[in-house]
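Fold and geometry: a report
Listed below are the residues making up each chain.
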Amino acid sequence: MSEEPVVVYERRGPVALVTMNRPRYRNAQNSAMTYALDDAYTRAVDDGDVAVVVLAGSGDHFSAGHDIGSPGRDADTSFTRRAAMWWDHTDKAGADRRYAREVEVYLGMCRRWREMPKPSVAMVQGACVAGGLMLAWSCDLIVAADDAFFADPVVRMGIPGVEYFAHPWMLGPRFAKEVLFTGDRFDARRAYEVGMVNRVVPRDELETTTFGLAERIAKMPPFGLALAKRAVNQCEDLMGMRSGMDSVFGLHHVAHAHNAEVSGNPLAGMDARAMRDRA
């Protein structure tokens, strides 16, 4: 296993660059990465000289989603919980085990990051799939390279979308259904057309454009930015986003339990390769 950090933190003037650093596995999200991301975001929030956070992925891809098969998969490892007041999952069984982990590592963490008081910008290239969508969607803005593509194919497992179920708010109800029903990829231009992405730029202009936007935002009053962010988030929640996620999180775990009961595997025996090959 590599000794390199799974997340790299860098200050560039008023902008904190947080980079997922598992390029060999297309920045698949394991728990170690989740907590390293949380450490980096906390560091940025606590630094009075940081005004904006940029989230990036090293290598050719932003993130291929949850880690469901790399050598660094750590679903059975205990971490100190931060996002949800729930018990440790590692000494539990069945639905209790899965629910305890995912309410913390996936749903809880993404909500925690969405609510940090400093604006965040996702800088997306290549794959942004399933759990990768959650990482991008928890940011306030998304700048995408023209080679970026997006998908949530987990209905192929019999599961109604990823844990941070923001689809109707990020994509609109009809396109959300198409994305889920087909499992198909959609490109950056389509993401821009439905309002999920703020800007689409050539791959070689992605970093310059993202940092130009972040630096422009950084000139605004910090407290004003924090209040504006909170205002929009509160309106999304009044439109049902938070309660909708809670209800769909229950459906997500009904699907896991059903899979475990009928196939003996909560993912219906699927891994990343099988998901890709079923497309």
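Throughout what follows, the structure given in this document is the object of discussion. As the structure is a computational prediction, the values presented were derived from the model and not from experiment. (Residues numbered from 1 in each chain as written. Predicted model: local features only at pLDDT ≥ 70, side-chain atom pairs only at ≥ 80, totals over all residues. Heavy atoms only, no water.)

A separate point is the overall build of the protein chain. From N to C terminus, the protein chain includes ten helices and nine strands. Computed over C-alpha atoms, the radius of gyration of the protein chain comes to 18 Å, within 12% of the 19 Å expected from 2.2 N^0.38 for 279 residues, which places it in the range of a compact globule. Looking at the protein chain residue by residue over its 279 residues, the buried ones come to 52%. Summarising the internal contacts of the protein chain: among those between residues at least 6 apart in sequence, 71% fall at separations of at least 24. Here the protein chain holds 33 positive side-chain charges and 37 negative ones, and the gap between their average locations is 2 Å. (Helix = DSSP H or I, 4+ residues; strand = E, 2+ residues; numbered from the N terminus. Rg over C-alpha atoms; globule rule 2.2 N^0.38 Å. Buried < 20%, exposed > 50% of the residue type's maximum accessible area, 1.4 Å probe, protein only. Contact = heavy atoms within 4.5 Å. Lys, Arg positive; Asp, Glu negative; His and termini not counted. Charge placed at Lys NZ, Arg CZ, Asp CG, Glu CD.)

As for its placement among the helices and strands, Val-254 is situated in helix α9 (residues 241–263). In this structure, the C-alpha to C-alpha distance between Val-254 and Pro-160, residues 94 residues apart in sequence, is 9.7 Å.

A few words now on helix α2 (residues 94–114). Over its 21 residues, α2 runs 29 Å from end to end, which matches the ideal 30 Å to within 8%, given 1.5 Å per residue. The largest bend along α2 reaches roughly 40 degrees and is located at Val-103. Of all 21 residues making up α2, 15 are buried, and the element is well covered by its neighbours. (Expected span 1.5 Å × (residues − 1). Bend = angle between axes of the 7 residues up to and from the residue.)

Glancing now at the packing of aromatic side chains. Evaluated as defined, the whole model comprises seven aromatic pairs. Residues Tyr-41 and Trp-113 carry aromatic rings whose centres are separated by 5.4 Å and whose planes lie at 65 degrees to one another, so their mutual orientation is edge-to-face. Taken together, the residues span a long stretch of sequence, with Tyr-41 in helix α1 (residues 31–46) and Trp-113 in helix α2 at a distance of 72 residues. Note on accessibility: Tyr-41 and Trp-113 belong to one class, buried. Aromatic pair Phe-175 and Phe-186: ring centres 5.1 Å apart, planes at 80 degrees, arrangement edge-to-face. (Phe/Tyr/Trp six-rings, centres within 6.5 Å; stacked < 30°, edge-to-face > 60°.)

Glancing now at the nonpolar core. With 63 residues, the main nonpolar core has Phe-150 and Met-196 as its most contacted residues. Those residues in contact with Met-196, other than ones at most four positions away along the chain, are Leu-133, Trp-137, Ile-142, Phe-150, Met-170, Leu-171, Phe-186 and Ala-191. In this structure, Ala-51, Val-52, Val-54 and Leu-213 belong to the second largest nonpolar core, which totals 18 residues. (Core = buried A, V, L, I, M, F, W, Y, C linked by side-chain atoms within 4.5 Å.)

Here we come to the pattern of salt bridges. Applying the stated criterion across every chain, the model contains 17 salt bridges. Of the charged contacts, one joins Glu-115 and Arg-242 as a salt bridge, the two residues approaching to 3.4 Å between their closest N and O atoms. Pair noted here: Glu-115 is in the loop between α2 and β4 (120–124) and Arg-242 is in helix α9, with a separation of 127 residues, a long-range link. Three or more residues are tied together by salt bridges with common partners; here these are Asp-38, Asp-39, Arg-82 and Arg-112. (Salt bridge = Lys/Arg side-chain N within 4 Å of Asp/Glu carboxyl O.)

Bringing the sheet that holds strand β8 (residues 186–187) into the picture now. Reading across from one edge, β5-β7-β8 is the order of the three strands in this open sheet, with mixed pairing throughout. Every interior strand has two partners, whereas the edge strands, β5 (127–129) and β8, have only one. (Pairing = 2+ DSSP bridges.)

What follows is about unusual backbone geometry. Note: most peptide bonds trans; most residues except glycine with negative phi. Phi is positive for Arg-26, which is not a glycine, with a value near 55 degrees. Mapped onto the fold, Arg-26 is located in the loop between β2 (15–20) and α1. For Arg-26, a relative accessible area of 42% translates into the label partly exposed. The phi angle at Asn-27 is positive, at roughly 55 degrees, despite the residue not being glycine. Its location among the elements puts Asn-27 in the loop between β2 and α1. Residue classification places Asn-27 among the buried positions, given a relative accessible area of 0%.

On to the pairing of strand β1 (residues 7–12), then. Put simply, side chains in a regular strand alternate between the two faces of the sheet. Of the pairings in the sheet, the one linking β1 to β2 comprises six bridges and is antiparallel in character. If you follow Arg-12 over to β2, its bridge partner there is Val-15. The hairpin turn running from β1 into β2, its antiparallel successor, is two residues long, and Gly-13 in that turn takes a positive phi close to 60 degrees.

Next up on the list: the sheet that holds strand β6 (residues 141–145). Pairing in this open sheet of six strands is mixed, and the strands run β1-β2-β3-β4-β6-β9 from one edge to the other. The sheet is open, and its two borders are formed by β1 and β9 (199–201), each paired with just one other strand. Adjacent strand axes in the sheet meet at a mean angle of 20 degrees when their direction is disregarded. Relative to β1, α1 is tilted by about 20 degrees, and along the sheet it contacts β1, β2 and β3 (52–57). (Axes fitted to C-alpha atoms, helices over the stretch in contact; angles between N-to-C directions.)

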